[in-house]
Amino acid sequence: MNEEHLARLQAIVEAALLAAGKPLSVDQLRGLFSEEERPARQVMEHVLTMLEKSCEGRGFELKNVASGYRLQVRQEFAPWIRRLFEEKPQRYSRALLETLALIAYRQPITRGEIEEIRGVTVSSNIIRTLAEREWVRVVGHRDVPGRPAMYATTRQFLDYFNLTGLDELPPLSEIRDLEEIGREMEENMQGEIEFDSSEQTFH
Amino acid sequence: MNEEHLARLQAIVEAALLAAGKPLSVDQLRGLFSEEERPARQVMEHVLTMLEKSCEGRGFELKNVASGYRLQVRQEFAPWIRRLFEEKPQRYSRALLETLALIAYRQPITRGEIEEIRGVTVSSNIIRTLAEREWVRVVGHRDVPGRPAMYATTRQFLDYFNLTGLDELPPLSEIRDLEEIGREMEENMQGEIEFDSSEQTFH
Amino acid sequence: MTDETTDVTAEAPEAGGEHEPLALVSGKPVVDLPKDLYIPPDALAVFLESFEGPLDLLLYLIRRQNMNILDIDVSEITRQYMDYISAVEAMRFELAAEYLVMAATLAEIKSRMLLPRQESEDEEEIDPRAELIRRLQQYERFKQAAEDIDELPRMDRDTFHGSAALPKLPTSQPHPDVDMKELLLALQGVLQRADLFTSHHVEREKLSTRERMSHILSVLQGDHFVSFESLFTPEEGRLGVVVSFLATLELIKEQLIEIVQADVLGPIHVRARAAN
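Parameters at a glance
Residues numbered from 1 in each chain as written. Chains lettered and ligands numbered in written order. Predicted model: local features only at pLDDT ≥ 70, side-chain atom pairs only at ≥ 80, totals over all residues. Heavy atoms only, no water. Helix = DSSP H or I, 4+ residues; strand = E, 2+ residues; numbered from the N terminus. Buried < 20%, exposed > 50% of the residue type's maximum accessible area, 1.4 Å probe, protein only. Contact = heavy atoms within 4.5 Å. Buried area = accessible area lost by both parts, 1.4 Å probe. Salt bridge = Lys/Arg side-chain N within 4 Å of Asp/Glu carboxyl O. Polar contact = N/O pair within 3.5 Å; in protein donor to acceptor, adjacent residues only side chain to side chain. Nonpolar A, V, L, I, M, F, W, Y, C, P; charged D, E, K, R; others polar. Arc of directions from axis to C-beta. Pairing = 2+ DSSP bridges. Patch = residues over 30% accessible without salt bridge, like charges linked within 9 Å, V, L, I, M, F, W, Y side chains within 5 Å. Areas by Shrake-Rupley, 256 points an atom, 1.4 Å probe, with all protein chains shown as cover. Phe/Tyr/Trp six-rings, centres within 6.5 Å; stacked < 30°, edge-to-face > 60°. 1 Å grid on protein atoms, 1.4 Å probe; cavity = no way out; pocket = protein on both sides within 12 Å on 5 of 7 lines; lining within 4 Å. Points joined across faces, edges and corners; volume = space filled by probe spheres on them.

(A) Focus on the overall build of chain C. Helices and strands together make up the secondary structure of chain C, namely nine helices and five strands. Of all 276 residues assigned to chain C, the portion counted as buried reaches 45%. Sequence separation of at least 24 residues holds for 60% of the intrachain contacts in chain C that already meet a minimum separation of 6.

Encoded structure:
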């Protein structure tokens, strides 16, 4: 088995792993070759070791997983790769915003307490989304049956909204004025709609 | 721009091309980096050249196609790689290939114009298949009665056939200009007539 | 016969093989059969389907005779074409109109050539033979181009897109933007529904107390005691100490923490009532 031959086997194995898009076992790799040219298991394993070494310093590496070998993009490049799959940000649901507002103004607060005020169940998704964004966290558990988690807002939450502390949140008295803001926003929207379809009239 | 930095860029680009599952343009590759660390176009092109060289002797190569760069299995290894897949590679009928060739070389072209050259009706199936594969698309309508659709090829067509542009299509065989043909024919005809009617005598 | 019969899914003749007769009977190509032999209908059907129309059939006949397109022996080609057509008709296969039109064109060319050439005053008239040759040439170019395209290295046949498994990716979804106004509108909505405006007035001071309550709770994570003094940061000044104290009282009131003092005047310890 000369070196040139091994190098060729290595290239074929690499090509196969890149084309397969799934892990291939040693026997599957050997199955690519006709019977006369089929390398022994040992040879194939040697070739895989060679391939592994040849990937040093590259963007991908050879991984041995349960169902065989696969080429995988190196974890260290995830921050760049991620941008390939970024989608446009969506908007948060009303339910999420209400939950967040209640945690901000009534913390520490349990999910049950939020549900009591909102009158509907809070989905685990909402809590998870808020926790993943690192806007809320569990600060303890209430000493009642079930020992429910108590949620509070985080420093990241304050940073996002440019607040130094919760006391900078607008007080609820101001929230009343929001009715006005709400009306304003509605009017603005109407303006846009009117612009879009000048024939329609709003009263 | 030191070598270490370039080598890292090269690994990131390789990782991205293997992760994307489609060709990536120079600008798409640059878009993977945050604004502060984004390499200039020239640097990116240099990195791509480095990457191309680094694939020598391996199972894959860097290929420039219409919509960008992709890493693909070297053609010489296709016979082994094909054994990975149970299905034989798709074959295309002559009717489909001739229709595709006419659209590629004569775009924008209407179905009627294709039929005129091929001398037969073009089935809707073929046009549909070509459109579904995203190899051709309607680019407008000819301003004649019936306003027939005009077809042109797409980037996906070029990508699929490993081309960067239409100018890379194999050149169409030469056609001698008609006047020359006309002269030749006249001579031939005379010959034939004399031959055909050798028994006859003309006075 | 349109090319419906030879769509992608249908059996297409082998590329490159279309110059060979597709059906052979007793070693002779089917195209000669009309004169000599009985044509098995199967063979004729294959033959019929292997051409992309009359131009393709004509090109085949011309090539088989080793003729140059520009130099067609129209009489011979016409005879062969007609033999083919009549064989097909005899088998009662449906024949596309294109083939019949071509038969008529060929017949016309042949008849013209049998007539002595006249100096035509009518120069506008298109020479049907020249027109036929032009069409054959044109068709041949694209027939060739189709073969060339088929030869191009192609994905999933000659090359394959290289891809590697993805690493674990951090949340790829960028976070939505939230405006404080949105948050307040949401709160307003929920408070209105719950009719909480009057009963639970949340004031500024109260909010800083609640913030401190959260802070103290997070310090008390775990089942351990913390000294009461450590909850206060003298550097914060009087106001900070007061807020911490109020927060502690509120936590005790809400039964979230417990306070333990082992001895009179001994150190006071605090811990969360529900340990994690």
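(B) The arrangement of the interface of chain A and chain C in detail. Contacts between chain A and chain C engage 68 residues on the former and 57 residues on the latter. Between chain A and chain C, the buried area comes to about 5800 Å², and carbon and sulfur atoms account for 64% of it. Connecting chain A to chain C are three salt bridges. Among the ionic pairs, Asp143(A) bridges to Arg273(C), the shortest N-O distance being 3.4 Å. For the pair chain A and chain C, the number of links is 15 residue pairs in polar contact (both at pLDDT 80 or more). In terms of residue count, the dominant contributor to the side of chain A that touches chain C is helix α9 (residues 172-196) of chain A (ten residues). Its residues placed into classes, the side of chain A that touches chain C shows 37 nonpolar, ten polar and 21 charged.

(C) Inspection of the environment of Glu45(A) at higher detail. Residue and element names in this part refer to chain A. Within the secondary structure, Glu45 is located in helix α3 (residues 41-54). The class for Glu45 is partly exposed, based on a relative accessible area of 35%. Sequence-wise, Glu45 and Val26 are 19 residues apart; in three dimensions their C-alpha atoms are separated by 7.3 Å.

(D) Up close: helix α7 (residues 124-132) of chain A. Residue and element names in this part refer to chain A. All buried positions along α7 are accounted for by Ile126, Ile127 and Leu130. Here the buried residues of α7 occupy an arc of 95° about the axis, which is enough to place them on one side. The inward-facing, buried residues of α7 abut α5 (94-106), α6 (111-118), β4 (136-141) and β5 (149-153).

(E) Broad picture of the pattern of salt bridges. Inspection of every chain in the model, using the stated rule, returns 39 salt bridges over all chains. Across the pair Glu61(A) and Arg74(A) runs a salt bridge whose closest N-O atoms are separated by 3.4 Å. In this pair, Glu61(A) sits in strand β1 (residues 60-65) while Arg74(A) sits in the loop between β2 (68-73) and α4 (78-81), placing the two residues 13 residues apart along the sequence. Exposure class is identical for Glu61(A) and Arg74(A). Each is buried. Where salt bridges share partners, they join Arg94(B), Glu98(B), Arg118(B), Glu52(C), Asp56(C) and Lys143(C) into one cluster.

(F) Here's a closer look at the sheet that holds β4(A). On the basis of which strands lie adjacent, the open sheet formed by three strands has the order β3-β5-β4 (chain A) and antiparallel pairing. The outermost strands of the open sheet, each flanked by one partner alone, are β3 (109-110) and β4 of chain A.

(G) Expanded view of unusual backbone geometry. Residue Pro108(A) is reached from Gln107(A) by a cis peptide bond, and omega for that bond is -10°. If you trace the backbone, Pro108(A) turns up in the loop between α5 and β3. The residue Asn162(B) is not glycine, and still its phi comes out positive at about 60°. Mapped onto the secondary structure, Asn162(B) falls in the loop between α8 (155-160) and α9 (178-196). In this structure, Asp156(C) is a non-glycine residue whose phi angle is positive, near 65°. Tracing the backbone through its elements, the reader meets Asp156(C) in the loop between α6 (128-151) and α7 (180-194).

(H) Representation of a nonpolar patch on the surface in the model. All names here are of chain C. Together, Val242, Phe245, Leu246, Leu249, Ile252 and Ile259 make up an exposed nonpolar region whose accessible area comes to about 480 Å². Looking at the nonpolar patch element by element, the count peaks at five residues for helix α9 (residues 237-253). Take Leu246: it is sitting in helix α9. With relative accessibility at 41%, the residue Leu246 sits in the partly exposed group.

(I) Up close: the packing of aromatic side chains. All names here are of chain A. This structure, assessed with the given rule, holds 18 aromatic pairs over all chains. Relative to Trp135, the ring of Tyr92 has its centre 6.3 Å away and its plane inclined at 65°; by these criteria the two rings are edge-to-face. With Tyr92 in the loop between α4 and α5 and Trp135 in the loop between α7 and β4, this residue pair connects regions lying 43 residues apart in the sequence. Here Tyr92 falls in the buried class, since its relative accessible area comes to 14%. Cluster of aromatic residues (ring-pair linked, three or more members): Tyr92, Trp135, Phe157, Tyr160 and Phe161.

(J) Representation of the layout of surface pockets in the model. Reported here for the second largest pocket is a volume of approximately 490 Å³. Lining the second largest pocket are 23 residues, and of these Leu166(A), Asp167(A), Ser208(C), Glu211(C) and Arg212(C) lie nearest its centre. Secondary structure elements with two or more residues in the lining of the second largest pocket: α8 (155-160) of chain A together with α8 (204-219) and α9 of chain C. For the lining of the second largest pocket, the class distribution of residues is six nonpolar, nine polar and eight charged.

(K) Broad picture of helix α7 (residues 124-132) of chain B. All names here are of chain B. Within α7, the full set of buried residues consists of Ile126, Ile127, Thr129 and Leu130. Elements that come into contact with the buried residues of α7 comprise α5 (94-106), α6 (111-118), β4 (136-141) and β5 (149-153). Glu134 occupies a position one or two residues after α7 and carries a positive phi of about 60°.

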